[in-house]
Amino acid sequence: MNLEDLTSFNLAQGVWYGMEALVIVGLSLYIIFAFVVVRQVNQMTDTLEVGFEGPIRFAAWLHFLFALATLGVAIMIL
Amino acid sequence: MPEVYSSSHKPHKSHQTQEVEKKLHSIAKPSKNAMSAFSYFPPHVKFVGTDNQEKIILLLRRHPITTIPTIFTAFFMVIAPIFVGFIPDIATYIPVNYQLVAMLFWYMITLAFIIEQFLNWFFNVHIITDERVFDVDFTHLVHREITDANIDQIQDVTTQMSGVLHTTFNYGNVIIQTAAQIPQIEYTAVPNPDKVAQVLRELRVQEEIEKIEGRVR
């Protein structure tokens, strides 16, 4: 980075870099939440079995994979 | 002490017990639907709190009509990004890549909301077995609370139906007063509260007969 680049590094760019970091940290935390949902579903289906456990577990894993994919997309395009 | 005699013969059910069982089976039709809010004699239900000999008579959830506000909220969450497109010059304020990530995040939150609300409805159940009544509460992500009381500890059963919705769709609260450590178990917004009370009444009679005949487990 030369002196010219440093002077052109304006406040707006800094805000967007900060935003990018925030989005990635936020999405990483969200993945933890999505994993907790998977564990919660396991606990619930262990407590009560009614013959509909498969679709519920699938939805929880789908949500977890969606969260992973969103983080991947954010890292790639931001 | 060694066992001198062991009989494989099951204890004979008295005429009174058979009558009560017949009444119990006539209250409602058995249900095989896993999504039902009123499952009578559900065939494939297993609950962690019951023992092997215990038979699940009734599985209750909140009446589906109570989920309508949640369904509307989820619907508006799904269509909300369409309205963002009407904000003039949005692309000049927020870059396209950020818009895409924001939209993905929004739909992820929407999916989480739908899953959480469904789990909340599906797993917050009330169970009546031939021996006990249970109230299962998953209040938040990692909190589970199971309350139970023996049928013979039930002292009083009250049903509450108030308002147009309750009367129109035949749902309400069933309040069970018990002599157990937790004095009250409340089944909230369950379908057919009168039938629930009737089931509890028959089970209490059955329990009394079992006590008299010395067949208490």
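Definitions and limits used
- Residues numbered from 1 in each chain as written.
- Chains lettered and ligands numbered in written order.
- Predicted model: local features only at pLDDT ≥ 70, side-chain atom pairs only at ≥ 80, totals over all residues.
- Heavy atoms only, no water.
- Helix = DSSP H or I, 4+ residues; strand = E, 2+ residues; numbered from the N terminus.
- Contact = heavy atoms within 4.5 Å.
- Pairing = 2+ DSSP bridges.
- Axes fitted to C-alpha atoms, helices over the stretch in contact; angles between N-to-C directions.
- Salt bridge = Lys/Arg side-chain N within 4 Å of Asp/Glu carboxyl O.
- Buried < 20%, exposed > 50% of the residue type's maximum accessible area, 1.4 Å probe, protein only.

Novice: Could you clarify how one ought to interpret the overall build of chain A in this entry?
Specialist: From N to C terminus, chain A includes three helices and one strand. Listed N to C, the secondary structure of chain A is α-α-β-α in terms of helices and strands. Taking the intrachain contacts of chain A between residues at least 6 apart in sequence as the baseline, contacts between residues at least 24 apart amount to 66%.

Novice: Help me understand the sheet that holds strand β6 (residues 144-150) of chain B in this model?
Specialist: Within a beta sheet, neighbouring strands are joined by backbone hydrogen bonds and run either parallel or antiparallel to one another. Residues and elements named next belong to chain B. Taken in spatial order, the five strands of this open sheet run β1-β3-β4-β5-β6, and their pairing is antiparallel. Each edge of the open sheet is held by one strand with a lone partner, namely β1 (38-40) and β6. When the angles between neighbouring strand axes are averaged without regard to direction, this sheet yields 15°. Note: β1 against strand β3 (residues 56-60), three bridges, orientation antiparallel. Note on β3: the bridge partner recorded for Ser39 is Leu59.

Novice: Please clarify how the pattern of salt bridges should be interpreted in this entry.
Specialist: Oppositely charged side chains can form a pair if their charged atoms are brought close together. All names here are of chain B. One pass over the structure, following the stated rule, counts three salt bridges over all chains. One salt bridge connects Arg132 with Asp148, and the closest N-O pair in it is separated by 3.2 Å. With Arg132 in strand β5 (residues 132-138) and Asp148 in strand β6, this pair connects stretches of sequence that are 16 residues apart. The class of Arg132 is buried, set by a relative accessible area of 17%. The salt bridge partner of Asp152 is Lys211, with a shortest N-O separation of 3.9 Å. With Asp152 in the loop between β6 and β7 (154-160) and Lys211 in helix α6 (residues 193-213), this pair connects stretches of sequence that are 59 residues apart. By sharing partners, the salt bridges in this structure join Glu54, Arg132 and Asp148 into a single network.

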